[in-house]
Amino acid sequence: MSQRASYRQQFSPAPEIAAKFGDIHPPLGSQAATVEANRCLYCFDAPCTAACPTHIDVPRFIKKIASGNLAGSARTILDANILGASCSRACPVNVLCEGSCVMHRYNKQPIQIGRLQQFAMDSFHASGNPLPFEPGEETGRSVALIGAGPASLACAAELRRRGIRATIHDARPLPGGLNTYGIAEYKLTLADSLHEIDLLAQLGVEFRFETPVDAALLAQLESTHDAIFLGIGLGGIHQLGVAGEQLAGVTNALDLIAGYKSGLITTSPARVAVVGAGNTAIDAAIASVRLGAVEVHMIYRRGAEHMSAFSFEYEHAKQEGVNFFWHVQPTAIRGTGSVESLQLTRLAPTTDGSLILEPGSEFTLPIDLVVLAIGQGTHTTFLPNGSGSATIQLERGRIVIDRVSGQTSNPKYFAGGDCTNGGREVVDAVADGKRAGIGIAAWLEGNHVHA
């Protein structure tokens, strides 16, 4: 094993951030976990397992908690999901495993699967043991992975378990992508994300940080590796396209979240407006509250029934004190040098369901910070886009893949995660990466057999 400092050791969390962003789901104690595990019915055709994109054998890992076999429980989780620790904290379990629990049929509380998974993984991490897997026998083959987020990490783990070298390239200085930089700290801390990746690196995954991949570097990687995996996520957040957007005090949700998680942002201006109503917008709004904002408003052009955020996230935001403006649209950002107010106009529906600005309904909201969270674009322009088999087919900027293997229209390229689905959950990216790792290994084996 390399003697390098662990990624977690390279990061010092800001004490004030840790104090302001306490765990939203405090861990279960040993006794509480055992009691909860014994409530499980251990269904044979478990709907919770089917609802998990990575298909963790939920009854199996819970039964091992009940019997005191915590190492076996963690292995069951990791065998299906190498990022089982982060997923236990970041997954929307209400709509996945716990949402499908059979206890609902009996009007009982569902089994707390997420917290039990967290208990098993925390116990495993506290043990100091390495991952319960060994790298496979070296095949002499190699894969370059672009992006160090959950999809690439899961893909790399599958490759290493099959003896295929995996080198991940990322533009940022730390690995983890969304897990490290984009998930609210009260769900998954940056330090916990890095700890999980430290374990994964024990499989022999190599990293190249602060290495943006452009068309020239991609061509070089293609010539020196047997396959390429694209886990490049999405591009920047869309702009509003209104006057004043260039003023100081206009940012976006991803930069805000990454800034406070890494300790670069520790306070907030007093008055904040978050434009958008997705889960990332909710995270940014709650972060602003916890960073000290006195007023935090969410601005959305439709009603609550149309917001893309999960309903439990909406309820959480209300509990944190976030205010909501529905059926309004920003039409200008005002200020001299920096943001001073946001001009809003009410929207009215038309007979065909579209929205139009309502004349004379303009009003001004005094604001110090505007946070944009209105969806992300793609950044796939550097991919091969010529003609023939070298082309990687795109659809609305997203990479088109075979869902079973992750293979693109260019057989040497595979992809997974947000760049293929437009932005879903971490566990979906992990599932994509896992399938692609298996798909790449099968494709390389086929090429080898037929060579």
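A brief look at the structure comes next. Note that this is a predicted model, so its numbers are computed, not measured. (Residues numbered from 1 in each chain as written. Predicted model: local features only at pLDDT ≥ 70, side-chain atom pairs only at ≥ 80, totals over all residues. Heavy atoms only, no water.)

**A few points about unusual backbone geometry**
Then comes step 1: Here the phi dihedral of tyrosine 42 falls at roughly 50°; this positive angle occurs in a residue that is not glycine.
Then comes step 2: With a relative accessible area of 25%, tyrosine 42 lands in the partly exposed category.
Then comes step 3: For asparagine 107, which is not glycine, the phi dihedral falls at a positive 55°.
Then comes step 4: With respect to the helices, strands and loops of the structure, asparagine 107 is situated in the loop between α6 (84-90) and α7 (113-127).
Then comes step 5: Take asparagine 107: its relative accessible area is 74%, and that puts it in the exposed class. (Buried < 20%, exposed > 50% of the residue type's maximum accessible area, 1.4 Å probe, protein only. Helix = DSSP H or I, 4+ residues; strand = E, 2+ residues; numbered from the N terminus.)

**Quick look at the pairing of strand β1 (residues 142-146)**
On a regular strand, one side chain projects to one face of the sheet and the next to the other, so that they alternate.
Then comes step 1: Most of β1 sits inside the fold, with 5 of its 5 residues counted as buried.
Then comes step 2: Of the two faces of β1, the one holding Ser142, Ala144 and Ile146 and the one holding Val143 and Leu145 are both buried throughout.
Then comes step 3: Between β1 and its parallel partner strand β2 (residues 165-169), the chain crosses via helix α8 (residues 150-161), and the hand of that crossover is right-handed.
Then comes step 4: Where β1 and strand β4 (residues 227-230) come together, 4 bridges link them in parallel fashion. From the neighbouring strand, alanine 144 faces β4, where its bridge partner is isoleucine 228. (Right-handed = clockwise from strand over helix to strand, strands pointing away. Pairing = 2+ DSSP bridges.)

**Observations regarding the nonpolar core**
A general trend in soluble globular proteins is that nonpolar side chains are found buried together.
Then comes step 1: Counting 77 residues, the largest nonpolar core has Phe61, Ile62, Leu145 and Ile440 as its most contacted members.
Then comes step 2: Leaving out residues up to four positions away in the same chain, phenylalanine 61 has contacts with Ile56, Ser73, Thr76, Ile77, Ile113, Leu116 and Gln117.
Then comes step 3: Core analysis: the next-biggest nonpolar cluster, separate from the first, contains 48 residues, Val272, Ala285, Met307 and Phe324 among them. (Core = buried A, V, L, I, M, F, W, Y, C linked by side-chain atoms within 4.5 Å. Contact = heavy atoms within 4.5 Å.)

By themselves, these observations are geometric and do not establish any function.
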